[in-house]
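Okay, here's what each chain looks like letter by letter:
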Amino acid sequence: MSKRILQHPEVPAGETTVSWGSLGQLEDTPAFRQWLEREFPQGAAEMSGEGDLDTSRRSFLKLMGASTALAGLGMAACRRPESFIEPFAKAPEWVIPGKALYYASSMPRSGGATPLVVTTFEGRPTKVAPNTLHPDGDGTDAFAQASVLDLYSPSRSRGFLKSGKAIARTDFEAALAAVAKDKSAKIGFVFGSDDSPTRARLAKQLAGKFAAAKFYQYEALAGESVVGDGVSLVPDFAKADRIVSLDCDFVGVDAVYPTAAFSARRKPEGTDYKGEPDASKMNRLYAVEGAYSLTGGMADHRLRVAPSQVAAVAAQLAGTLGAGGSTAAILDEKQTKWIIEMAADLKEFAGKSVVLAGPRQPAVVHQLALAINQVLGNIGEGKPLQAYKTGNAGLGTLAGLTKDLESGAIDTVMLLTPSNPVFDAPADLKFADALAKAKVSIHLGQRTDASAHAAGWHVPAAHYLEQWSDARSANGVYTIVQPMILPLYPDCVSELELLLALLSDDGKLLNGEGEKGAASPAYAAVRETFAGLADKEDASWKKLLRDGFLAGSKYQPASPKAQAPVFAKTEAPTAKSLEIVFATDSSVYDGRWIDNGWLQEVPDPVSKLSWDNAALIAPKTAKELGIYDEILELESNRASVHPDGESGNRKAPLIKVTVNGRSVEVPVLVAFGQAENVIVLPVGYGQGCDKEDELKRDTAKAGHVGLVGVNRGFDVYPLRTAATAYFATGGTAEKTGKRYSLAVGQEHAAMYGRALAREVSTQTDEEKGDFAAQVAGVSKQSGDSHAPPNIPLYKPEDNKGKSLLSDPLHQWEMAIDLSSCSGCNACVIACQSENNIPIVGKRQLAMGREMHWIRMDRYFAVDKENDFDPDSPELVPQPVACVQCENAPCETVCPVNATVHTEDGLNAMAYNRCIGTRYCANNCPYKARRFNYFDYNKRNPLVAHNLYRGPFGEKQVGEAPHLQRNPNVTVRMRGVMEKCTYCVQRLKDAVIRQKRGQKQETLAAGKPSPEVQVSTKTLRIPVDSVKVACQEACASGAITFGNKLDGDKALVRRAKLSQRNYDLLHYIGTFPRTSYLARVKNPNPKMPDAKFVGKATIHMA
Amino acid sequence: MAHATHTADETRQGPKLPVLEREKLILNNRSYHWITERICGVLENKQPAIWWMLFIPSAIIALIGVLGGLSILVSTGVGVWGMTNTVFWGWDITNFVFWIGIGHAGTLISAILFLTRQNWRTSINRAAEAMTIFAVCCAGIFPAFHVGRVWFAWFLAPIPNANAIWQNFKSPLLWDVFAVSTYFTISLIFWYLGMVPDLATIRDRAKPGLRKLLYGIFAMGWRGGNRQWSHYEMAYLLLAALSTPLVLSVHSVVSFDFATSVVPGWHTTIFPPYFVAGAIFGGFAMVLTIMIPARFIYGLQDMITMKHIDNMAKIILLTGTIVGYAYLMELFVAFYSGAQYEAAAFKYRLVGPYWWAYVAMMSCNVLSPQVFWFKWCRENLWVVMAVCMCVNVGMWFERFVIICTTLARMFLPADWGYYRASPVEIMLFVGTIGMFLALFLLFLRFLPCINIAEVKWTLPEADPHHDDHHDHPDHGVAKEAAYQHELQAKA
């Protein structure tokens, strides 16, 4: 370990902040001065000396004060470029324990980096939030939110491996040096699909050094660019009035570009809620898809076809619009009419519409979509679709690498992709065999997965929060990746560091702290790249670090040419010849997140399955295959009557799915709204099992996964070939007689006639009137109009009308707009990371003991009269957390006063006072309270049966996860009730900051203390200046939060003044502070299914 | 049993009319001495083999179930039970309400029947009161230990503390704490006070030694003097008056736990009377369940007569019908109110996942006691025992239905779930049954199970007018002579 150098931050120019030790000092009263003279004659001299600022104690205090201000107020504060994280044995004085520091960074990923602001406490990154300054920084998805947990994951790889066995660092260094010294080495570099300018620059240098080197790009699920090498198409939803998704789940798992503008245009009042509801402000989304996706849920019109048939729909659409294709691709009359009407709508909005092809759909769909967009004039500057030249041109594919390995063109492999090719490459590539032929293979990864074991060498990778790098966002904005912490384990190496080691003459690996007090070599490399893009000025670099991106940087436009698409009809699947779809999983993605407990525990947004994958199958197909009765029987066995099963009792039958000559056994789950004769298999699971496995599967791969991922789900990659990377036809399914238990987060999918997640349509309804009438009727749905007024016994004011116990400054409230909420789970995980919410494991979740403070309810609504497609129900998500009732049922029943109302309108929990009678939770109509049945934080819930072993159980939950904890939120012990409190730690922080700012301003103005005037105006925090975690993470802007007393200056107040606003379970009279805004669907009246859209609740009596 | 009639004397008011003769409370003209011998014999003689056969398993079950069950619970967490984040209460509160309900017959018999001068109570009140005490002991375990952090359960007590937080007096759970603890205290004092003269009797019969010393301490110097009797009777009367409202209050307060909530299926005004009726119903069933075997084992048939059993069966019939009315009224109101969630809550009781619990409750509580309309059924002890067992089961299911069915189906279908008791939960309940039986058997072993003093009052001899010449052909001469003779013999 080299010696760490302690450096103080510079004093910002024009700094006027002062710190003080006591109130007397702050106010600088004569009495204080007198006291000072008496007590510390020397100190007093120092204090009075204004001149000698350089050496005095005062200047030291000033430094402290300046940093305090930065720490508290800065959004994206400057990170010192020295890149040292100080040990707290000798704390840097500008760090205040419990005060967060915020830095801009980003998460590199396929399709474009996610710009982030990272919260750190005492040098520990704990939480990520979107960087709203960034042009593409409109939100974070569940993966980005959960990524911070991976840093502290107990199953993280932390040492070098040789052929799967631990080995000393020096051995690897020797091997690496040997490669670096051999300029004739035939190295194949496999990068991920993210676009890093520094990596691209280094790749060029590497190509210069190693003449025989080749570069490849591989991620299991990233679609190859089929419209041109390195060309990407990025929609600008703000300009798109009509959107067609051809199996493109752009608000869900296929999220690669900013979607905030899309969600904003789902609000008929406009995103600022200033206007009247106006259907013409809304966009209209048509979705064509096989399995229900979140995009399908948001769609105004959804066409249910097997993924193989999407090409036919695209061809029909293209044919109708005169963009090639074929007008006879679709034979079904209803579907044809649907497509023709959609085409007419698109034509009307030519130049203001966009057709998006699913990234995993075959090339023909992309070509057709491109042709349609070109015919409609949707592409170009100022148009809704941009074509860019990315930096990822000229890279080979994994198939190419396999060929090169076999032919001997490549004999050294550097596996730098975040994917796990040995596990997730198409089965027919036989990549593992090819890799075994390599002379030297080096795998860089955060987990010791299948590739780590198969490769000759495994290098533990640094997390993106531990490394210097850079990336391009979706629109090509140059974005920095800066470290928040030195690698947690000293051997962790970043991708750039590894490449730089190869570039250096002696091949010396410098990682993390670098050497002899120098920063990581990656720092210099990134800085050099930046200098090439902008300038060498320190100021520009500092601005980059502060803002996180280089303003004005963008991809160069491309002009892709649509090749004449060759459409060949694929037969629609039948019960005898099923279509098998390899779906992206919303929890593990391609399998890389399998060891992330937060992602595993959060139920899938559509199927609500957690901790496993399952074959999803439409009810009709299940019936045809003869497995429906078995599912029904099993699910209703214990539950006695209900066909949809009950928590903890779900035992799914295992079916054997055969396709491409191989078969796997997978448990089956009925999925509503899925195309018939299609079996959807989410990928990425089944990476390893140990002896605790329910099915006693082979334990050979137990070392490939950690405690979270072990025994989880079923590996379906063996079925997948290069030609059938997304879907395969001709599959069969048969019963096996075996069973497997599944943990399903929500058992009941219907609203049972209760208008919970309300919905209206812009189209006139015969009974409920036009759009305006429907909007006006939102708060009256489901009998709320004739429920008698609920008058509370406890009055909020006294006899004289004076308000009791209420804060005149702040009254918090929240509104959730179901119209823009897609149900993506980002808020759930954001809340989990902000509020130290533990995971409980599969068994506990199956019992219904989840701890998520905000849960994503998902309802299906079937219109019985729907004669267009009766098996395609509407999907409405509804996030439910504690709604902070003003008249809270939980508060009156707690015998020990552990849950009480605060003066600013929160329903607070005093954990220390709670004895755990659970009465509050029973009386909560929203079931928003969560009970710590076990010591989840102390006793590892992932070790089998551990929770039930009590004092004999294993106590540690890994060695690092506690580092992720937010120090401002209590970690709850067992036996305590917990729930959402609107991130009270953030609210209190904001209020305190506001108060402190007052003092500072007064002081800066040089006024004596008696002149300090505080008023409601000065003490109240600025309008909309505090954000809660769920709101901050939400890419859809569905959650608004603010101070009720700001009136309609506050966004949340305006949202609540909208007629779409309604209280959940209004009739109980709880007066919730969180209300919902009804979802609006904007159907095209000419469409054959228009009558059945937007009516999930409208007719509920 | 045909009632004998006799013809009253002709009076100046009218002709002679046949009147029903009051059935004797103590049969076979048993004397004071016989009663003392028989009741004291239960605890002075060697216990029959059956006592040991019952006591040993009960005590083992109690030790394993209660001590073991609670050790697992407290050391590991409430998670060892089956509750979920939807159904937060399960067998714990079900058992609490069940046991509290059992305790109701004791107070009713000892207080209300005392005040209304129902002399038949004297044969059964001691055992019923003992049951109350033991049932409340069993009941208390559940709310005390079901909390997540039992080591902080003292937060429920209004003890001044450093937190400076007072209890929440709006919470029915806190009322529960007060109601149950008051009930327990008063019942205990009442029970003990009534036992003092009997303890003195046992003391007087015992040979000098530890036994005499202990009974002597607990008899508190009772000598049976007039002054003592007069104080005793006043105290007993006052305590009876004090505990009478408790019969109504305890279970009303327990029902407030549910009735004051906003939960559909709990939030009903019918709960207090319905719970009280149910408690008396269940309590009497439990008294019969225990007393019928006990009277056989110890040969107490002359004191606990068929008349007692008949009376209690009639009370079971009455309260069972009240409970049945309440069940139907709940359904009617749910239907008639037009309240969507209320209607759904009751719909799911009937056809939801716990329909079997509802069926069990209805058939055991409403249908089975209806056989008591028939005298033959009230006289056949097998039938009586069968019905009482049904009622015991049914009343447990009633609480289960109210608590679990309701919580499993509240407002938002998305959070609906299913609850299943875990083995640890079942173990604790079985343990409390063992504990209840073991305590009762110990009671039989060490304390007079029938109120010796009070039973004697019901004998004809205890009547001051027993020797009144109007009642006796010889104007009491023979009796008087016999008494004088006795006095002389003693002198």
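Note that the structure is predicted; figures quoted are calculated from it, not measured. (Residues numbered from 1 in each chain as written. Chains lettered and ligands numbered in written order. Predicted model: local features only at pLDDT ≥ 70, side-chain atom pairs only at ≥ 80, totals over all residues. Heavy atoms only, no water.)

Examining the overall build of chain B
Turning to step 1, where the next piece is worked out: Along chain B, the regular secondary structure elements total 17 helices and 2 strands.
Turning to step 2, where the next piece is worked out: Computed over its C-alpha atoms, the radius of gyration of chain B comes to 25 Å, within 12% of the 23 Å expected for a compact globule of 491 residues.
Turning to step 3, where the next piece is worked out: Each principal axis of the C-alpha distribution contributes one length, and for chain B these read about 85 × 60 × 45 Å.
Turning to step 4, where the next piece is worked out: Residue burial in chain B is summarised as follows: out of 491 residues, 56% are buried.
Turning to step 5, where the next piece is worked out: Pairs at least 24 apart in sequence give 78% of the contacts found in chain B among residues at least 6 apart.
Turning to step 6, where the next piece is worked out: Of the roughly 21100 Å² of accessible surface on chain B, 70% is carried by carbon and sulfur atoms.
Turning to step 7, where the next piece is worked out: On chain B, the mean spot of the 33 positive side-chain charges and the mean spot of the 30 negative ones are 6 Å from each other. (Helix = DSSP H or I, 4+ residues; strand = E, 2+ residues; numbered from the N terminus. Rg over C-alpha atoms; globule rule 2.2 N^0.38 Å. Buried < 20%, exposed > 50% of the residue type's maximum accessible area, 1.4 Å probe, protein only. Contact = heavy atoms within 4.5 Å. Areas by Shrake-Rupley, 256 points an atom, 1.4 Å probe, with all protein chains shown as cover. Lys, Arg positive; Asp, Glu negative; His and termini not counted. Charge placed at Lys NZ, Arg CZ, Asp CG, Glu CD.)

Comments concerning empty space enclosed by the protein
By rolling a water-sized probe across the atoms, one finds the places where empty space is left.
Turning to step 1, where the next piece is worked out: In the structure shown here, the tally under the stated rule is 13 cavities of 30 Å³ or more.
Turning to step 2, where the next piece is worked out: Quantified by volume, the largest cavity comes out at close to 360 Å³.
Turning to step 3, where the next piece is worked out: Lining the largest cavity are 26 residues; nearest its centre among them are Asp138, Gly139, Asp141, Ala255 and Tyr257 of chain A.
Turning to step 4, where the next piece is worked out: In this structure, the second largest cavity spans a volume of roughly 280 Å³.
Turning to step 5, where the next piece is worked out: If you go around the second largest cavity, you meet 28 residues; those closest to its centre are Gly745, Gln746, Glu850 and Arg855 of chain A together with Ala414 of chain B.
Turning to step 6, where the next piece is worked out: Taken together, the elements giving at least two residues each to the lining of the second largest cavity come down to helix H25 (842–847) and strand S30 (855–861) of chain A.
Turning to step 7, where the next piece is worked out: Counting residues per element, the lining of the second largest cavity draws most heavily on S30 of chain A, which supplies 3 residues. (1 Å grid on protein atoms, 1.4 Å probe; cavity = no way out; pocket = protein on both sides within 12 Å on 5 of 7 lines; lining within 4 Å. Points joined across faces, edges and corners; volume = space filled by probe spheres on them.)

Here we look at the pairing of strand S18 (residues 478–481) of chain A
Residue and element names in this part refer to chain A.
Turning to step 1, where the next piece is worked out: Burial along S18 is two-sided: the face carrying Tyr478 and Ile480 and the face carrying Thr479 and Val481 are both buried.
Turning to step 2, where the next piece is worked out: Here strand S17 (residues 469–472) runs beside S18; their pairing, made up of 4 bridges, is antiparallel. Among the inter-strand pairings, Ser469 is bridged to a residue of S18, identified as Val481.
Turning to step 3, where the next piece is worked out: Here S17 folds back onto S18, and the loop between the two strands holds 5 residues, one of which, Gly476, carries a positive phi near 85 degrees. (Pairing = 2+ DSSP bridges.)

Focus on the packing of aromatic side chains
Residues and elements named next belong to chain B.
Turning to step 1, where the next piece is worked out: Applying the stated criterion across every chain, the model contains 78 aromatic pairs over all chains.
Turning to step 2, where the next piece is worked out: Look at Trp91 and Trp396: their rings are 4.8 Å apart centre to centre, the planes differ by 70 degrees, and that puts the pair in the edge-to-face class. One end of the pair, Trp91, is in helix H3 (residues 91–102); the other, Trp396, is in helix H14 (residues 381–408), and 305 residues separate them in sequence. Accessibility assignment for this pair places Trp91 and Trp396 in one class, buried.
Turning to step 3, where the next piece is worked out: Taking 5.8 Å as the distance between ring centres and 85 degrees as the angle between the ring planes, the aromatic pair formed by Trp175 and Phe256 counts as edge-to-face. (Phe/Tyr/Trp six-rings, centres within 6.5 Å; stacked < 30°, edge-to-face > 60°.)

Points about the interface of chain B and chain A
Turning to step 1, where the next piece is worked out: Taken together, the 67 residues of chain B in the interface contact 72 residues of chain A.
Turning to step 2, where the next piece is worked out: Here chain B packs against chain A, burying approximately 5500 Å² in sum over the two surfaces, 55% of which is carbon and sulfur.
Turning to step 3, where the next piece is worked out: The tally of links from chain B across to chain A stands at 2 salt bridges.
Turning to step 4, where the next piece is worked out: Counting every contact that joins chain B to chain A gives 37 residue pairs in polar contact (both at pLDDT 80 or more).
Turning to step 5, where the next piece is worked out: Looking at the side of chain B that touches chain A, the elements that each hand over two or more residues are helix H2 (49–76), helix H6 (172–205), helix H8 (226–259), helix H11 (340–351) and helix H12 (355–367) of chain B.
Turning to step 6, where the next piece is worked out: Top element by residues in the side of chain B that touches chain A is H11 of chain B. It accounts for 5 residues.
Turning to step 7, where the next piece is worked out: Broken down by class, the residue content of the side of chain B that touches chain A amounts to 40 nonpolar, 20 polar and 7 charged. (Buried area = accessible area lost by both parts, 1.4 Å probe. Salt bridge = Lys/Arg side-chain N within 4 Å of Asp/Glu carboxyl O. Polar contact = N/O pair within 3.5 Å; in protein donor to acceptor, adjacent residues only side chain to side chain. Nonpolar A, V, L, I, M, F, W, Y, C, P; charged D, E, K, R; others polar.)

Quick word on a nonpolar patch on the surface
Turning to step 1, where the next piece is worked out: There is a patch of nonpolar side chains on the surface, built from Trp52, Ile56, Ile60, Leu63, Ile64 and Leu67 of chain B and spanning about 600 Å² of accessible area.
Turning to step 2, where the next piece is worked out: Inspection of the secondary structure puts Leu67 of chain B in helix H2. (Patch = residues over 30% accessible without salt bridge, like charges linked within 9 Å, V, L, I, M, F, W, Y side chains within 5 Å.)

Regarding the side chain of Asp1046 of chain A
All names here are of chain A.
Turning to step 1, where the next piece is worked out: With respect to the secondary-structure elements, Asp1046 resides in the loop between strand S36 (1039–1043) and helix H31 (1051–1057).
Turning to step 2, where the next piece is worked out: Although Asp1046 is buried, it makes no salt bridge; Arg1020 carries the closest opposite charge, 4.2 Å away.
Turning to step 3, where the next piece is worked out: Asp1046 has contacts with Arg1020, Ile1021, Val1023 and Asp1024, leaving out every residue within four places of it along the chain.

With respect to the packing of helix H10 (residues 310–321) of chain A against helix H12 (residues 363–376) of chain A
All names here are of chain A.
Turning to step 1, where the next piece is worked out: Where H10 meets H12, the axes come as close as 9 Å, and the angle between the chain directions of the two elements is 25 degrees. For the element pair H10 / H12, the angle class is roughly parallel. Two packed elements cross with a definite hand, and for H10 against H12 that hand is left-handed. Contacts between H10 and H12 pair Val310, Ala311, Ala314, Ala315, Leu317, Ala318 and Leu321 from the former with Val364, Val365, Leu368, Ile372, Val375 and Leu376 from the latter.
Turning to step 2, where the next piece is worked out: Of the residues that constitute the contact of H10 with H12, the class distribution is 13 nonpolar, no polar and no charged. (Axes fitted to C-alpha atoms, helices over the stretch in contact; angles between N-to-C directions. Parallel < 35°, antiparallel > 145°, perpendicular 65-115°, else oblique. Left-handed = near helix turned anticlockwise from the far one by under 90°.)

Topic: the confidence of the model for chain B
Turning to step 1, where the next piece is worked out: Mean pLDDT over chain B: 87, with 92% of residues reaching 70 or higher.
Turning to step 2, where the next piece is worked out: The ipTM assigned to the predicted complex is 0.89, against a pTM of 0.88. (pLDDT = per-residue confidence, 0-100.)

A look at the side chain of Arg121 of chain B
Residues and elements named next belong to chain B.
Turning to step 1, where the next piece is worked out: Inspection of the secondary structure assignment puts Arg121 in the loop between helix H4 (104–115) and helix H5 (125–146).
Turning to step 2, where the next piece is worked out: Here Tyr236 takes part through its side chain, which lies 3.0 Å from a polar atom of the side chain of Arg121.
Turning to step 3, where the next piece is worked out: Excluding anything up to four places from it in sequence, Arg121 contacts Ile109, Ser110, Leu113, Phe114, Tyr236 and Glu454.

Description of the sheet that holds strand S6 (residues 187–191) of chain A
Residues and elements named next belong to chain A.
Turning to step 1, where the next piece is worked out: Spatially, the 7 strands line up as an open sheet ordered S5-S4-S16-S15-S14-S6-S7, and their pairing is mixed. The open sheet has two edge strands with one neighbour each: strand S5 (165–166) and strand S7 (214–217).
Turning to step 2, where the next piece is worked out: Two strands pair when backbone bridges link them, and strand S15 (residues 440–445) and strand S16 (residues 457–460) are joined in this way by 4 bridges, in the parallel orientation. Directly across from Ile442, in S16, lies its bridge partner Trp457.
Turning to step 3, where the next piece is worked out: Where helix H13 (residues 398–407) meets the sheet, its contacts fall on S6, S7 and strand S14 (412–415), and the angle it forms with S7 comes to roughly 140 degrees.

Considerations on the packing of helix H18 (residues 521–533) of chain A against helix H19 (residues 538–547) of chain A
Residues and elements named next belong to chain A.
Turning to step 1, where the next piece is worked out: One way to put it is that H18 packs onto H19 with a least axis distance of 11 Å and a crossing angle of 110 degrees. Classed by the angle they form, the pair H18 and H19 counts as roughly perpendicular. Across the interface between the two elements, Tyr523, Val526, Arg527 and Phe530 of H18 pack against Asp538, Ser540, Trp541 and Leu544 of H19.
Turning to step 2, where the next piece is worked out: Considered class by class, the residues forming the contact of H18 with H19 number 5 nonpolar, 1 polar and 2 charged.

Remarks on unusual backbone geometry
All names here are of chain A.
Turning to step 1, where the next piece is worked out: A positive phi is found at Ser163, a non-glycine position, where the angle reads about 50 degrees.
Turning to step 2, where the next piece is worked out: Along the chain, the position of Ser163 falls in the loop between strand S4 (161–162) and S5.
Turning to step 3, where the next piece is worked out: The class for Ser163 is partly exposed, based on a relative accessible area of 48%.
Turning to step 4, where the next piece is worked out: Of note in the backbone geometry, Asn711 takes a positive phi value of approximately 65 degrees without being a glycine.

A few points about the pairing of S15 of chain A
All names here are of chain A.
Turning to step 1, where the next piece is worked out: Within S15, 6 of the 6 residues are buried, leaving the element largely enclosed by the surrounding structure.
Turning to step 2, where the next piece is worked out: The alternating pattern of S15 places Val440, Ile442 and Leu444 and Ser441, His443 and Gly445 on opposite faces, both of which are buried.
Turning to step 3, where the next piece is worked out: The pairing of S14 with S15 spans 4 bridges and is parallel. In the strand pairing of S15, Val413 is matched with Ser441.

Let's talk about the environment of Cys827 of chain A
Turning to step 1, where the next piece is worked out: Inspection of the secondary structure assignment puts Cys827 of chain A in helix H24 (residues 826–834).
Turning to step 2, where the next piece is worked out: Its relative accessible area of 7% is what places Cys827 of chain A among the buried residues.

Some thoughts on the nonpolar core
Turning to step 1, where the next piece is worked out: In terms of nonpolar packing, the biggest core is built from 341 residues, with Ile679, Leu681 and Tyr926 of chain A together with Trp99, Phe436 and Phe443 of chain B touching the most fellow members.
Turning to step 2, where the next piece is worked out: If you tally residues by element for this core, the top one is H14 of chain B, at 17 residues.
Turning to step 3, where the next piece is worked out: Sequence-distant contacts of Phe443 of chain B, that is, excluding residues within four places in its chain, are made with Arg126, Ala127, Ala130, Phe134, Trp191, Pro448 and Cys449 of chain B.
Turning to step 4, where the next piece is worked out: Grouped together as the second largest cluster of nonpolar side chains are 45 residues, Phe172, Phe215, Met414 and Leu550 of chain A included. (Core = buried A, V, L, I, M, F, W, Y, C linked by side-chain atoms within 4.5 Å.)

Thoughts on the pattern of salt bridges
Residue and element names in this part refer to chain A.
Turning to step 1, where the next piece is worked out: For the structure on display, the rule yields 59 salt bridges over all chains.
Turning to step 2, where the next piece is worked out: Here Arg1060 makes a salt bridge to Glu269, at a shortest N to O gap of 2.7 Å. Of this pair, Arg1060 sits in the loop between H31 and strand S37 (1061–1062) while Glu269 sits in the loop between helix H8 (260–264) and strand S10 (284–289), and the two are 791 residues apart along the sequence.
Turning to step 3, where the next piece is worked out: Under the relative-accessibility criterion, Arg1060 is labelled buried at 0%.
Turning to step 4, where the next piece is worked out: Residue Glu269 is classed as buried on the basis of its relative accessible area, which comes to 2%.

Looking at H3 of chain B
Turning to step 1, where the next piece is worked out: Between its terminal C-alpha atoms H3 of chain B stretches 16 Å, which fits the 16 Å expected from 12 residues at 1.5 Å a residue.
Turning to step 2, where the next piece is worked out: When H3 of chain B is considered as a whole, its buried residues turn out to be Trp91, Asp92, Ile93, Thr94, Asn95, Phe96, Val97, Phe98, Trp99, Ile100, Gly101 and Ile102 of chain B. (Expected span 1.5 Å × (residues − 1).)

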